[in-house]
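So the chains spell out like this:
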Amino acid sequence: MQINRIMVVGAGQMGGGIAQVAAQAGLQVVLNDLKQEYVDRGLTFMTKLLERNIAKGKLSGEEKDRILGRITPSISLEDAAEVDFVIEAVTENMSVKEKIFKSLDQIAPKAAILASNTSSLPITEIAATTERPEKVIGMHFMNPVPVMVLVEVIRGIATSDETFKTVHDLALRMDKHPVEVNDFPGFISNRVLMPMINEAIYCVYEGVATPKAIDEVMRMGMNHPMGPLTLADFIGLDTCLAIMEVLYQGFSDSKYRPCPLLRKMVKAGWLGKKTGKGFFEYH
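It should be emphasised that the depicted structure is a prediction, and the values quoted were computed from it without experimental measurement.

Caption draft 1: Representation of the nonpolar core within the structure. Core analysis: the biggest nonpolar cluster contains 36 residues, and Val29, Leu31, Phe85, Met139 and Phe141 have the highest contact counts within it. With six residues, the top contributor of residues to this core is helix H1 (residues 13–24). For leucine 31, the contacting residues outside a window of four places in its chain are Val8, Gly10, Ala11, Gly15, Ala19, Val39, Leu43, Met46, Ile71, Thr72, Pro73 and Ser74. Within the second largest apolar cluster, 23 residues are counted, among which are Met94, Leu104, Ala108 and Ile123.

Caption draft 2: Structural context of the packing of helix H2 (residues 36–55) against helix H3 (residues 61–69). Interhelical geometry of H2 versus H3 gives an angle of 160° and a closest axis separation of 10 Å. Judged by the angle between their axes, H2 and H3 are roughly antiparallel. In this structure, H2 crosses over H3, and the sense of that crossing is right-handed. Of the residues in H3, those touching H2 at Met46, Thr47, Leu50, Glu51 and Ile54 are Gly61, Lys64, Ile67 and Leu68. Among the residues making up the contact of H2 with H3, the classes are represented as five nonpolar, two polar and two charged.

Caption draft 3: Region of the structure containing the side chain of asparagine 198. Turning to its location among the elements, asparagine 198 is positioned in helix H7 (residues 189–205). Among all residues touching asparagine 198, those that are not within four sequence positions of it are Met244, Arg257, Pro258, Cys259 and Leu262.

Caption draft 4: Spotlight on unusual backbone geometry. In this structure, proline 144 follows asparagine 143 across a cis peptide bond, with omega equal to 0°. Examined against the element boundaries, proline 144 turns out to sit in the loop between strand S6 (136–141) and strand S7 (150–155). A positive phi angle, near 55°, is found at phenylalanine 187, a position not held by glycine. Within the fold, phenylalanine 187 resides in the loop between strand S8 (177–182) and H7.

Caption draft 5: The UniProt feature "domain: 3-hydroxyacyl-CoA dehydrogenase NAD binding" (unreviewed entry) in the chain, seen in detail. Within this structure's numbering, the places UniProt gives as "domain: 3-hydroxyacyl-CoA dehydrogenase NAD binding" (unreviewed entry) are residues 6–183. Counted over residues 6–183, helix gives 41% and strand 22%. Its end C-alpha atoms are 24 Å apart.

Analysis parameters
Residues numbered from 1 in each chain as written. Predicted model: local features only at pLDDT ≥ 70, side-chain atom pairs only at ≥ 80, totals over all residues. Heavy atoms only, no water. Core = buried A, V, L, I, M, F, W, Y, C linked by side-chain atoms within 4.5 Å. Buried < 20%, exposed > 50% of the residue type's maximum accessible area, 1.4 Å probe, protein only. Helix = DSSP H or I, 4+ residues; strand = E, 2+ residues; numbered from the N terminus. Contact = heavy atoms within 4.5 Å. Axes fitted to C-alpha atoms, helices over the stretch in contact; angles between N-to-C directions. Parallel < 35°, antiparallel > 145°, perpendicular 65-115°, else oblique. Left-handed = near helix turned anticlockwise from the far one by under 90°. Nonpolar A, V, L, I, M, F, W, Y, C, P; charged D, E, K, R; others polar. UniProt positions renumbered as here; feature names shortened; annotations may be inferred.

Quick look at the structure:
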């Protein structure tokens, strides 16, 4: 199946990044969100990233204009009626995703593939809300999307080989490295990463060390490019908590129990960089 026109549902950091790399790959992109101001914000952020690449000599002004010219703003899911592929990149909430997929299933062409950028939720369960489960798949990009090359391509129980191959090839076309993953809570990336972050939070909770000290140990001792608590702040502590809840519920194993401090910070609205305060402060 040849994919030429796609819709990205969600114009936030992840959705905007996916739209950018798709447009850079020559695809026509419909960038959708609930309100025009959200779409405009996503396009503004994307423009700044492209202009930064111009300043670094990685891109010309003409190329930037061509990339942005391939992106069409949208505030209606009805615009999915003429696309070959849809990828959803909204909040990590199953009920929200199920509602979107039910709508897309009725609107998008029957041949269209429906993908989710979920970082932990079960693809099989999302697919079950549609009448085309064989054409539903996970396509989990890493953040920031324009920089990180990895994409987890997640098969649901009903995902067809043809759908997998099409999405695998699409990832390559976007200059990404696709890795095949089966449908388990957290997939690979977050099943390994999030318990490490959660354990780092327990170290703060139990008074083992300060957040700064914990990050220093992991950066200087384990050669991590970023400490786990700084990384948690960048991901968003609410997102970290949501993923840990999926792991905890999905495996029914106490080793995935979210740290009480993580729950408390989320309740306080200390979500990390996006709110200006998490384990560290951001101005």
